[in-house]
Amino acid sequence: MTVDTIRTVAVLGAGTMGNGISHVFARFGYEVILRDVDESFLGRAKDTITKNLDREVKKGKIAEEDKSKILSRIHTTTDLSQIARADFAVEAVPERLDLKLSVLRDADKLLRPEVILASNTSSISVTTLAAATERPDRFIGMHFMNPVPVMVLIEVIRALQTSDETFRTTISLCERLEKKPVAVNDAPGFVSNRVLLPMINEAAFAVMEGVATAEAVDAVMKLGMNHPMGPLELADFIGLDTCVHILDVLHEGFGDSKYRACPLLRKMVAAGWLGRKSGRGFYSYTG
Ligand SMILES: NC(=O)c1ccc[n+]([C@@H]2O[C@H](COP(=O)([O-])OP(=O)(O)OC[C@H]3O[C@@H](n4cnc5c(N)ncnc54)[C@H](O)[C@@H]3O)[C@@H](O)[C@H]2O)c1
């Protein structure tokens, strides 16, 4: 399938990533079928997309009259059979292997044989997911970054089975969205999380060992290394539970102790201090 034949894109899951992915496809003229399991999640996603489009109007990125056109291209549904007319599909359901396998198998049965199925997984083996479908050569990882409308990177992950044609079409599609695709092969954590998470983990160890406060660690990395956010501020943004989960994937995948999660991270997760989403992590977000 070539990129020119793609007009309608199915997005499975209307959460943080699914709404951002739908926003970007619709903004670049694609019809979107956005599927979630409950109408309330779809309503919430449409509200978020509307707010984010308002922000883009204010910043002068899009015109006010474009907003309604973009929104009208996003068709929300709880009925999975609607995805049958899609020319490309992106899965963005929660990061659980059993759930992803079941959603991908169901989607695989409904999509036309030539359609490429992509997963936005941040840590599960794309090769394993591809193998669960009847289209392993038309399966690929498309790792969008959060927030999707703002971040330019898409890490494009080739499963062992991904064909050259699937790879080329996916890269071209990323470019049509004015994103920068970077190709990597399937390995635990791909490149993004394999490089980022050990830094976050080391920053947590520095705090745990009393080397410096969280503020000091972040200040060193922001002022000295020109990082826009310190690693611990970023950890709070990602969610400390997600950080531990990804470290566990790296630890298990490589069998190397250098990826063991810092005990302080585990302790904070046990306390329910998950970062921004729970109001407290390395920093406090209440009030
Ligand atoms: N949040 C991030 O920063 C981030 C960044 C990159 C990649 N990812 C990856 O993107 C994926 C989605 O993450 P998220 O943060 O958007 O999760 P989320 O929990 O915000 O959203 C997931 C959505 O999927 C829906 N869902 C559950 N079962 C479904 C089904 N059977 N069919 C359709 N929808 C279903 C849920 O109702 C929910 O609305 C995960 O694989 C995650 O690892 C997340």
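Before reading on, note that the structure itself is shown above.
Procedures and definitions
Residues numbered from 1 in each chain as written. Predicted model: local features only at pLDDT ≥ 70, side-chain atom pairs only at ≥ 80, totals over all residues. Heavy atoms only, no water. Near = heavy atom within 4 Å. Polar contact = N/O pair within 3.5 Å; in protein donor to acceptor, adjacent residues only side chain to side chain. Areas by Shrake-Rupley, 256 points an atom, 1.4 Å probe, with all protein chains shown as cover. Helix = DSSP H or I, 4+ residues; strand = E, 2+ residues; numbered from the N terminus. Nonpolar A, V, L, I, M, F, W, Y, C, P; charged D, E, K, R; others polar. Pairing = 2+ DSSP bridges. Axes fitted to C-alpha atoms, helices over the stretch in contact; angles between N-to-C directions. Phe/Tyr/Trp six-rings, centres within 6.5 Å; stacked < 30°, edge-to-face > 60°. Lys NZ or Arg CZ within 6 Å of the ring centre and 35° of its normal. Patch = residues over 30% accessible without salt bridge, like charges linked within 9 Å, V, L, I, M, F, W, Y side chains within 5 Å. Salt bridge = Lys/Arg side-chain N within 4 Å of Asp/Glu carboxyl O. Lys, Arg positive; Asp, Glu negative; His and termini not counted. Charge placed at Lys NZ, Arg CZ, Asp CG, Glu CD.

(A) Just the site of the ligand, in detail. Taken together, 22 residues lie near the ligand, and Met17, Asp36, Glu95, Lys100 and Ser122 sit nearest. Within the side chain of Asn146, an N or O atom sits 3.2 Å from an oxygen atom of the ligand. Starting from 830 Å² of accessible surface for the ligand in isolation, the protein chains cover 78%. Secondary structure elements with two or more residues in the shell around the ligand: helix H1 (16-27), helix H4 (97-110) and strand S6 (139-144). Its residues assigned to classes, the shell around the ligand shows ten nonpolar, eight polar and four charged.

(B) Just the sheet that holds strand S7 (residues 153-158), in detail. Reading across the sheet, the eight strands line up as S3-S2-S1-S4-S5-S6-S7-S8 and stay open at both edges, with mixed pairing between neighbours. Two strands bound the open sheet, and with one partner strand each, they are strand S3 (74-77) and strand S8 (180-185). Taking the axes of each pair of neighbouring strands and ignoring which way they run, one obtains an average angle of 25° across the sheet. Two strands pair when backbone bridges link them, and strand S2 (residues 31-35) and S3 are joined in this way by four bridges, in the parallel orientation.

(C) Quick peek at the packing of aromatic side chains. Scanning all chains against the criterion turns up three aromatic pairs. Look at Phe25 and Phe144: their rings are 6.5 Å apart centre to centre, the planes differ by 65°, and that puts the pair in the edge-to-face class. Of this pair, Phe25 sits in helix H1 while Phe144 sits in strand S6, and the two are 119 residues apart along the sequence. Clustering of aromatic rings is evident, with ring pairs tying together Phe25, Tyr30 and Phe144. A cation sits over an aromatic face here: Arg158 above Phe167, 4.6 Å from the ring centre. Between the NZ or CZ atom of Arg280 and the centre of the ring of Trp273, over which it lies, the distance is 3.6 Å.

(D) Region of the structure containing a positive patch on the surface. Together, Lys51, Arg55, Lys58, Lys59 and Lys61 make up a positively charged patch on the protein surface. Within the element layout of this structure, Lys61 appears in the loop between helix H2 (39-58) and helix H3 (64-72).

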